[in-house]
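Residues per chain are reported as follows:
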Amino acid sequence: MSNFASLTRMRIQLALRNRMFFFFSVIFPLGMFFLYAGIFAKGNPRVVSFFLGPVISLNVMGSFWGLSAMLVMFREQGILRRFHVTPVTSTDMLASSILANYLLTLPTVFIELLFARVIFHVANLGDLLSLVVLVTVGTVAFASLGLVVASVTNTMQETQVLNQLLWLPLIFLSGATLPIAYLPKVAQRVAVFLPATYLVTGLQNAMYSAFPVWKLLTQILSLFFWTVLTFFVAAQLFRWEPESKIPRNAKLWALATALPFFLLGVWENKNGQILTQAQAAYRSLDQPAKSAHPKAEQPKTDSPSMGTLPPSKKDTPPQP
């Protein structure tokens, strides 16, 4: 146990020296936070609360980019070879990488919540237990994805290309950049096949709608089982030496990690639970905020604005 703790501490120290990891774990999330809260939400506390889930999701998802690039760089520079001569197994290395990544992600999430409360006066941060559970399982899940990426690429260039191919659909189709309810129906149908969609909708429901854990079991359990699968695949494909060749079936193993969300996407397209929740949260922004005194009427001017975002296409009235 002491060896694992020492390995985790060393992984944290090495990560803090890596500029790419620091950018995707600190600079990028905070930049997106102020972009959404200050410009898109225009400082409106209720709209800021709506965007907090997607912003924190970007922070959690970004961990896979930095972790995969860092592991490949360590392998190219021979750092993993030095670890290999110590009594450290591949499982120890991967688990310590995930734990170090999780411990480095938490401060940024805390800072974002603090800024939301202090700067933008968001009074209610939703269900905190659901928030903690989703941040934990989401960070571990996408860190495991980063381990798989690092296992099937040989060079930093290959890693960056594959990360880019994964990153773009994850952020543009999941609701992390634009609300899912505003996307075309075809894009919504595709979104339910992506793991990022379940993280984004889960965090948004936890923080904006204050859903308890039992109402978010679909998101939590899907990410949990995906974590187990991706970690298992990463452990099977892990390579210490830069000269080690990738197994022929490595890409098939990596592709197999998408199977849970393929099955879940088919089920969601028939039932539509995730999309229904996302559309309900989006439409609620056009409704007056709930008052502490139910009998008091809310003036129409209290209805929040989505800032630069136009209304959902589904809710747009037909032209005469």
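Sequence order as written defines residue numbering, which begins from 1 separately in each chain. Where local features are concerned, this predicted model is filtered to residues with pLDDT of at least 70; where side-chain atom pairs are given and counted, the filter is 80 or more; whole-chain, interface and lining totals use all residues. Only hydrogens and water are set aside when side-chain values are computed; all heavy atoms of the structure are taken into account.

(A) Highlighting the overall build of the protein. When you go through the protein residue by residue, the secondary structure sums to 13 helices and 0 strands. Shown N-terminal to C-terminal, the secondary structure of the protein runs as helices and strands in the order α-α-α-α-α-α-α-α-α-α-α-α-α. Partly exposed residues are those whose accessible area sits between 20% and 50% of the maximum for their type, while under 20% is buried and over 50% is exposed, using a 1.4 Å probe and protein chains only. Here the protein holds 320 residues, and 51% of them are scored as buried. We call two residues in contact whenever any of their non-hydrogen atoms come within 4.5 Å of each other. Contacts spanning at least 24 positions in sequence make up 83% of the contacts within the protein whose residues lie at least 6 apart. Helix and strand assignments come from DSSP, with helices taken as H or I runs of at least 4 residues and strands as E runs of at least 2, each series counted from the N terminus.

(B) Broad picture of the packing of helix 9 (residues 195-207) against helix 10 (residues 217-237). Axis definition: a line fit to C-alpha positions, over the contact stretch in the case of helices; interaxial angles, taken between N-to-C directions, run 0 to 180 degrees. For the pair helix 9 and helix 10, the least separation of the axes is 9 Å and the interaxial angle reads 140°. Judged by the angle between their axes, helix 9 and helix 10 are oblique. The crossing of helix 9 and helix 10 is left-handed. Only Thr218, Gln219, Ser222, Leu223 and Trp226 of helix 10 make contact with helix 9, whose side of the interface consists of Pro195, Tyr198, Leu199, Thr201, Gly202 and Asn205. The cut-offs work like this: below 35 degrees is roughly parallel, past 145 is roughly antiparallel, 65 to 115 is roughly perpendicular, and the gaps in between are oblique. Whether a crossing is left-handed or right-handed is set by the direction in which the near helix is turned from the far one by less than a right angle, anticlockwise for left-handed and clockwise for right-handed.

(C) A look at helix 10. Its 21 residues give helix 10 an end-to-end C-alpha distance of 30 Å, which sits within 8% of 30 Å, the value for a rise of 1.5 Å per residue. Buried within helix 10 we find Gln219, Ile220, Ser222, Leu223, Trp226, Thr227, Thr230, Val233, Ala234, Ala235 and Leu237. Expected span of a helix, by definition, is 1.5 Å for each gap between consecutive residues, and there is one gap fewer than residues.

(D) Quick peek at the packing of aromatic side chains. Stacked, tilted and edge-to-face are the three classes assigned to paired rings of Phe, Tyr and Trp, where Trp is represented by its six-membered ring and a pair needs centres within 6.5 Å; plane angles under 30 degrees give stacked, over 60 edge-to-face, the rest tilted. On inspection of all chains with the given rule, the structure shows 21 aromatic pairs. Members of the aromatic cluster, joined through ring pairs, are Tyr36, Phe40, Phe50, Phe51, Tyr208 and Tyr282. Consider the ring centre and the ring normal. A charge sits over the ring if Lys NZ or Arg CZ is within 6 Å of that centre and within 35 degrees of that normal. The aromatic ring of Phe211 is capped on one face by Lys215, whose charged end is 4.9 Å from the ring centroid.

(E) Seen up close, the confidence of the model for the protein. Summary statistics for the protein give a mean pLDDT of 83 and a share of 89% for residues scoring 70 or more. Values of pLDDT, the confidence the predictor places in each residue, fall between 0 and 100. Per-element averaging of pLDDT across the protein places helix 1 (residues 2-16) at the bottom with 79 and helix 9 at the top with 94. With pLDDT under 50 throughout, residues 291-320 is counted as low confidence; its partners more than four residues away or in other chains account for 38 contacts.

(F) How the structure looks around the nonpolar core. In this structure, Ile56, Leu58, Met61, Phe142 and Trp167 are the most contacted members of the largest nonpolar core, which totals 61 residues. It is helix 3 (residues 45-76) that provides the largest number of residues to this core, a total of 12 residues. Sequence-distant contacts of Trp167, defined by excluding residues within four places in its chain, comprise Phe28, Leu58, Met61, Gly62, Phe64 and Trp65. We call a set of buried residues a nonpolar core when its members are Ala, Val, Leu, Ile, Met, Phe, Trp, Tyr or Cys and they connect through side-chain atoms within 4.5 Å of each other. Membership of the second largest hydrophobic core comes to 32 residues, among which are Ala15, Leu67, Phe83 and Leu104.

(G) The side chain of Asn205, seen in detail. Here Asn205 is to be found in helix 9. Overall, the relative accessible area of 2% leaves Asn205 in the buried class. Discounting chain neighbours no more than four positions away, the residues touching Asn205 are Ala210, Phe211, Leu216, Gln219 and Gln277.

(H) Layout of helix 9. The terminal C-alpha atoms of helix 9 lie 19 Å apart, and with 13 residues this matches the ideal 18 Å at 1.5 Å per residue to within 8%. In terms of residue burial, helix 9 counts as a mostly covered element, since 13 of its 13 residues are buried.

(I) Examining the environment of Gly66 more closely. With respect to the element layout, Gly66 can be found in helix 3. It is 5.9 Å that separates the C-alpha atoms of Gly66 and Met20, two residues lying 46 residues apart in sequence.

(J) Spatial organisation of unusual backbone geometry. Even without being glycine, His121 reaches a positive phi, approximately 55°. If you trace the backbone, His121 turns up in the loop between helix 5 (90-118) and helix 6 (128-152). Residues other than glycine seldom take positive phi values, yet Ala210 does so here, at roughly 55°. Note on placement: Ala210 falls in the loop between helix 9 and helix 10. Residue Ala210 is classed as partly exposed on the basis of its relative accessible area of 35%.

(K) Geometry of the side chain of Gln219. Inspection of the secondary structure puts Gln219 in helix 10. Setting aside residues up to four positions removed in sequence, Gln219 forms contacts with Leu134, Tyr198, Thr201, Gly202, Asn205, Ile274 and Gln277.

(L) Main features of a nonpolar patch on the surface. Among the surface-exposed residues, Phe34, Phe110, Ile111, Leu114, Val118 and Ile119 lie close enough to one another that they form a single nonpolar patch of about 530 Å² accessible area. Per element, the largest residue contribution to the nonpolar patch is 4 residues, and it comes from helix 5. With respect to the element layout, Ile119 can be found in the loop between helix 5 and helix 6. Each patch groups residues whose relative accessible area exceeds 30% and which form no salt bridge, using 9 Å between like charges and 5 Å between nonpolar side chains of Val, Leu, Ile, Met, Phe, Trp and Tyr. Each accessible area value is a Shrake-Rupley result obtained with a 1.4 Å probe; residue values ignore everything except the protein chains displayed when judging cover. The term salt bridge refers to a pairing of a side-chain nitrogen on Lys or Arg with a carboxyl oxygen on Asp or Glu at a separation within 4 Å.

(M) Structural detail: the environment of Leu173. Take Leu173: it is sitting in the loop between helix 7 (156-172) and helix 8 (185-191). Along the sequence, Leu173 and Ala196 sit 23 residues apart, while their C-alpha atoms lie 8.6 Å from each other. If near-sequence neighbours (up to four positions away) are discounted, Leu173 is found in contact with Leu183, Ala187, Val190, Ala191, Leu194 and Thr197.

(N) Representation of the packing of helix 6 against helix 9. In the contact formed by helix 6 and helix 9, the axes pass within 9 Å of each other and the chain directions differ by 165°. Judged by the angle between their axes, helix 6 and helix 9 are roughly antiparallel. In the crossing of helix 6 with helix 9, the sense of the turn from one axis to the other is left-handed. Of the residues in helix 9, those in contact with Ser130, Leu131, Leu134, Val135, Gly138 and Phe142 of helix 6 are Pro195, Ala196, Leu199, Gly202, Leu203, Ala206 and Met207. Residues that form the contact of helix 6 with helix 9 fall into these classes: 10 nonpolar, 3 polar and no charged. Charged residues are taken to be Asp, Glu, Lys and Arg, nonpolar residues to be Ala, Val, Leu, Ile, Met, Phe, Trp, Tyr, Cys and Pro, and polar residues to be all remaining types, Gly included.

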